[in-house]
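# Coordinates in review
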Amino acid sequence: MKTLSRAFFAAVVAAPLALSAVAAKAADIVDTAVSAGQFNTLVAAVEAAGLVETLKGDGPFTVFAPTDEAFAKLPAGTVENLLKPENKDQLVAILTYHVVSGKVMSGDIAGKMTEAMTVQGSELTIDAMKDGVTVEEAQVIQADIETSNGVIHVIDTVVLPQ
């Protein structure tokens, strides 16, 4: 009876842990960004632009995600201005410039300099030939955060389309 009781206790304790591991593994790009805690401005912008459902879609997508600190580097008032409803088209253009269709892992581009077509329609220059990786003028500070519908690469600067 003690063995059965211990087995039951172990199962009750392990079940939530196993389920949370499955849930964490199944997080999409948006949910992963929300839970990371360093993308509050990006998440607010994605919501204001109406892109949440798109980035929760099947994908796969590669997102070069600027941190809150990256957004803070923009001139004062820029973010607040972009979040206004009348600037939604400009906001969508900037955010979709950070997204590439397909799942591009750092190992796929290691040692290369390449261009990638963004969802916005312009090309991003990605340089992985030297130490680290740059996307336009942004440095990738954390790569290969896998999600259920793609991958996030964290960047230190907001990149703007021409």
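Our structure is the block above this text.
Here the residue numbers are simple positions, counted from 1 along each chain's written sequence. Only residues with pLDDT of at least 70 get local features here, since the model is predicted, and only at 80 or more are side-chain atom pairs given and counted; chain-wide, interface and lining totals rely on the full set of residues. In computing side-chain values, all of the structure's heavy atoms are included and hydrogens and water are not.

A few words now on the pattern of salt bridges. Any carboxyl oxygen of Asp or Glu that lies within 4 Å of a side-chain nitrogen of Lys or Arg is treated as forming a salt bridge with it. Inspection of every chain in the model, using the stated rule, returns 3 salt bridges. Linking aspartate 28 and lysine 56 is a salt bridge whose minimum nitrogen-to-oxygen distance equals 2.9 Å. Remark: lysine 56 occurs in the loop between helix H4 (52–55) and strand E1 (61–66) and aspartate 28 occurs in the loop between helix H1 (2–25) and helix H2 (29–36); sequence separation between them is 28 residues. On the basis of relative accessible area, aspartate 28 is assigned to the buried category, the value being 9%. Here aspartate 31 and lysine 56 are joined by a salt bridge, their closest N and O atoms 3.0 Å apart. A residue pair is termed long-range when its members are at least 10 positions apart, and aspartate 31 in helix H2 and lysine 56 in the loop between H4 and E1 qualify at 25 residues. Relative accessibility thresholds used throughout: buried, under 20% of the residue-type maximum; exposed, over 50%; partly exposed, between the two (1.4 Å probe, protein chains only). Assessed through its relative accessible area of 36%, aspartate 31 is described here as partly exposed. Taking relative accessible area as the criterion, lysine 56 reaches 30% and is therefore assigned partly exposed. One connected set of salt bridges, linked through shared partners, spans Asp28, Asp31 and Lys56. Here a strand is any run of E in DSSP of at least two residues, a helix any run of H or I of at least four, and the numbering for each starts at the N terminus.

Turning our attention to the environment of aspartate 131. Mapped onto the secondary structure, aspartate 131 falls in the loop between strand E4 (123–127) and strand E5 (134–135). Placed 20 residues apart in sequence, aspartate 131 and glycine 111 show a C-alpha to C-alpha distance of 9.2 Å.

On to H2, then. In an α-helix there are 3.6 residues to a turn, and that puts residues three or four apart on one side. Of all the residues in H2, the buried ones are Ile29, Val30, Thr32 and Ala33. Burial along H2 is one-sided: seen end-on, the buried residues are contained in an arc of 165°. By definition, residues are in contact when any of their heavy atoms lie within 4.5 Å. On its buried side, H2 packs onto helix H3 (40–49), H4, E1, strand E6 (138–147) and strand E7 (150–155). By the criterion applied in these results, polar contacts are pairs of N or O atoms within 3.5 Å in which, for protein atoms, one can donate a hydrogen and the other can accept it, and in which residues neighboring in sequence qualify only through two side-chain atoms. For H2, the side-chain oxygen to backbone nitrogen distance between the N-cap and valine 30 is 3.0 Å, and the N-cap itself is aspartate 28. The reported arc concerns the directions from the helix axis to the C-beta atoms and nothing else.

Another point: the sheet that holds E1. A pair of strands is treated as paired once DSSP finds two or more bridges between them. Here 7 strands make up an open sheet; going across it, the order is E2-E1-E7-E6-E5-E4-E3 and the pairing mixed. At either margin of the open sheet sits one strand with a lone partner, and together these are strand E2 (99–101) and strand E3 (113–117). As paired strands, E4 and E5 are joined by 2 bridges and run antiparallel to one another. By the bridge assignment, aspartate 127 is partnered in E5 with threonine 134. Convention adopted: a line fitted to C-alpha atoms gives each axis, helices being fitted over their contacting stretch, and angles between N-to-C directions are expressed from 0 to 180 degrees. Against the sheet, H2 makes contact with E1, E6 and E7, and its axis sits at roughly 35° relative to E7, the strand it touches most.

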